[in-house]
Amino acid sequence: DAYDEIVQDKMLFHKSGAYPHPLGDVSFRAAIIDFEQHIYGIDSLDISQIGVGLGSTQLANALFEMLLDPNDTVLLLDPTYCNYPTQLRNSVANLNIVRLPVLDEGSWRYSPDDKCDEAVKLITKNKPKLTLLITPDNPTGQVLSDRFVETVAHAMREVNGFLIIDYAYKELIFGDHVPEYYSWGPTENIIFLRSNSKWGRNLGRRLAWVEASASIIEVLESFQGTAILCPDMLHQLAMTIYMQRAIKNNTLRGYIEETKSAYQRAAKQTTSSIKSWLGYPALEPMGGLFTCMSVDIDGARFVRETLKASEVLFVPGYGFGKTLQHAVRVSFGPLVNDCDVIEQGIKRVGEST
């Protein structure tokens, strides 16, 4: 409706093609503040702490280039989003990437809470300039606990490093429990990477934002001005209209709950179908769009053979870390509104092997 209103109104449509500020339109940033307060109770956020960009991938690259120097160390979990190691190495020369395994390949148990002491030791020893966490996680669909996030945040403060929390799937956490750190605002060393693309079902409309200290956002402004000049005004304008009205008429929470429920149904359909037709161990998603499935053989080989036999495509796990060498990522996001196709596809895999 917001997009339609813009298209039908000549003045609004003209405005949608204007240059916004390199950090994003002021009205959109104000709407973000209202959104975060309304949904998560974050009351410490200021416009000076928000920078808007062309999607979280572009903003992640900007942050890596801003915060890291050659020969710095970065701590990643294993498994973690497959884009990040490549992005980091492309952004900064001679980067040292340290991985913390949080998935037990034998028991197929995701257990970062068991690794709190190990995380502190790794951070204390290697003194990473940056630690990057994703919650809910891509590729596992797991949600990090308050204990683990607080432990890592404290350890990074001790070594004067930065913690980035990637919240690409923040609105898609299943169940009623929401971690306490979801209500944190940015600090001098804690940065949040945010997006509306998953819960808004508009992944191709590249729009995301960073919540960070004013000093970091000030540096981001110069990066934006030379890299993208400005984020897209049309999408900012539409999201501003939507969020302002949905908060005012009290429909925003209901929409997010409805969206979460749809993804949760797709997640349950996926894991139950895997259990019924394949019998492989699979993580029970706590949020997001994915789960990981152990397949006993090399994941890339499994993908090739399965695609040839059944025309069903999985993503090999090796790109996410060594712990997924014999596993695949299963995405249920694209079929969130067509769960029957999920079962049909997994059944076809089972019948072809």
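Structure: above.
Note that this is a predicted model, so its numbers are computed, not measured.

Novice: Which residues make up the sheet that holds strand 10 (residues 290-294), and what values go with them?
Specialist: The 3 strands are arranged 10-12-11 in an open sheet whose pairing can be described as antiparallel. If you trace the sheet from one side to the other, it starts and ends with strand 10 and strand 11 (315-316), each paired once. Across 2 bridges, strand 11 lies against strand 12 (residues 327-331) in antiparallel orientation. Following the sheet pairing, proline 316 is matched in strand 12 by valine 328.

Novice: Pulling in residues and values, what's your account of the sheet that holds strand 7 (residues 162-166)?
Specialist: Taken in spatial order, the 7 strands make up an open sheet running 1-9-8-7-6-2-3, and their pairing is mixed. Where the open sheet ends on each side, the last strands, each with one partner, are strand 1 (50-53) and strand 3 (96-101). Here the strands of the sheet are splayed against their neighbours by 20° on average, with no regard to which way each runs. Pairing of strand 6 (residues 130-134) with strand 7 involves 5 bridges; the strand directions are parallel. Across the sheet, the residue bridging to leucine 133 is isoleucine 165, located in strand 7. Along the sheet, helix 6 (residues 116-126) makes contact with strand 2 (73-78) and strand 3, crossing strand 3 at roughly 165°. Sheet contacts for helix 8 (residues 214-227): strand 1, strand 7, strand 8 (190-195) and strand 9 (208-211); angle to strand 1, the most-contacted strand, approximately 25°.

Novice: Any details on the pairing of strand 9? Residues and values, ideally.
Specialist: Burial along strand 9 is two-sided: the face carrying Ala208 and Val210 and the face carrying Trp209 and Glu211 are both buried. The sheet contact formed by strand 1 and strand 9 spans 4 bridges and is antiparallel. By the bridge assignment for strand 9, valine 52 is matched with tryptophan 209. The pairing of strand 8 with strand 9 spans 4 bridges and is antiparallel. Within strand 9, the residue paired with phenylalanine 192 across the bridge is glutamate 211.

Novice: Let's hear about the pairing of strand 6: which residues, and what values?
Specialist: Of all 5 residues that make up strand 6, 5 are buried, and the element is covered over most of its length. Residue alternation in strand 6 divides its side chains into two sets, Leu130, Leu132 and Ile134 and Thr131 and Leu133, and both sets are buried. Where strand 2 lies against strand 6, 3 bridges are found, and the strand directions are parallel. Within the sheet, the bridge partner assigned to valine 74 lies in strand 6 and is leucine 130.

Novice: I'd like a rundown of the nonpolar core, residues and numbers included.
Specialist: Most often, soluble globular proteins have nonpolar side chains that are buried together. Formed by 79 residues in total, the largest nonpolar core has its most connected members in Phe148, Met293 and Phe314. Residue contacts for methionine 293: discarding those within four places in its chain leaves Trp108, Ile274, Leu278, Tyr280, Pro281, Ala282, Phe302, Phe314, His326, Ala327, Val328 and Val330. Within the second largest apolar cluster, 29 residues are counted, among which are Met66, Leu67, Leu68 and Ala212.

Novice: Please provide a residue-by-residue account of the side chain of lysine 170, values included.
Specialist: Within the secondary structure, lysine 170 is located in the loop between strand 7 and strand 8. Although lysine 170 is buried, it makes no salt bridge; glutamate 36 carries the closest opposite charge, 4.2 Å away. In this structure the side chain of lysine 170 is engaged in a polar contact, spanning 3.0 Å, whose partner is the backbone oxygen of tyrosine 182. Those residues in contact with lysine 170 that sit more than four places away from it in its chain are Glu36, Tyr40, Ile42, Pro136, Tyr182 and Arg194.

Novice: Explain the pattern of salt bridges to me, and be specific about the residues and the numbers.
Specialist: A full pass over the atoms with the stated rule returns 9 salt bridges. Put simply, lysine 129 and aspartate 69 hold a salt bridge, and the shortest N to O gap is 3.6 Å. With lysine 129 in the loop between helix 6 and strand 6 and aspartate 69 in the loop between helix 4 (56-67) and strand 2, this residue pair connects regions lying 60 residues apart in the sequence. On the accessibility criterion, lysine 129 (23% relative accessible area) is partly exposed.

Novice: Break down helix 8 for me, with residues and values.
Specialist: An ideal rise of 1.5 Å per residue puts 20 Å on 14 residues; helix 8 measures up with 20 Å between its terminal C-alpha atoms. Within helix 8 the residues assigned to the buried category are Ile216, Ile217, Leu220 and Gln224. All buried residues of helix 8 fall inside an arc of 90° around its axis, so they share one side. With respect to the buried face of helix 8, the exposed residues turned more than 90 degrees away are Glu218 and Thr226. On the buried face of helix 8, the contacting elements are strand 1, helix 4, strand 7, strand 8 and strand 9. One or two residues past the end of helix 8 sits leucine 229, with phi positive at roughly 70°.

Calculation rules
- Here the residue numbers are simple positions, counted from 1 along each chain's written sequence.
- In keeping with the predicted nature of the model, local features appear solely for residues at pLDDT of at least 70, side-chain atom pairs appear and are counted solely at 80 or more, and the whole-chain, interface and lining totals rest on all residues.
- Note that the side-chain values use all heavy atoms of the structure and ignore hydrogens as well as water.
- One requirement defines pairing of two strands: DSSP has to find at least two bridges between them.
- Here a helix means four or more residues in a row that DSSP labels H or I, a strand means two or more in a row labelled E, and each is numbered from the N terminus.
- A fitted line through C-alpha atoms serves as each axis, taken over the contacting stretch for helices, and the angle formed by two N-to-C directions is quoted from 0 to 180°.
- Residue contacts follow a heavy-atom distance rule, with two residues in contact if any of their heavy atoms lie within 4.5 Å.
- Throughout this description, buried means an accessible area under 20% of the type-specific maximum (1.4 Å probe, protein chains only), exposed means over 50%, and partly exposed covers the range between.
- Here the nonpolar core consists of buried residues drawn from Ala, Val, Leu, Ile, Met, Phe, Trp, Tyr and Cys, with membership extended through side-chain atoms lying within 4.5 Å.
- In this count, Lys and Arg are taken as positive residues and Asp and Glu as negative ones, while His and the chain termini are left out.
- A pair is scored as a salt bridge if a Lys or Arg side-chain nitrogen falls within 4 Å of a carboxyl oxygen belonging to Asp or Glu.
- In the analysis that follows, any N or O atom pair within 3.5 Å is treated as a polar contact, provided that within protein one partner can donate a hydrogen and the other can accept it, and provided that, for residues neighboring in sequence, both atoms belong to side chains.
- In this scheme, a helix's expected span is set at 1.5 Å multiplied by one less than its residue total.
- By definition, the arc is the one covered by directions from the helix axis to the C-beta atoms.

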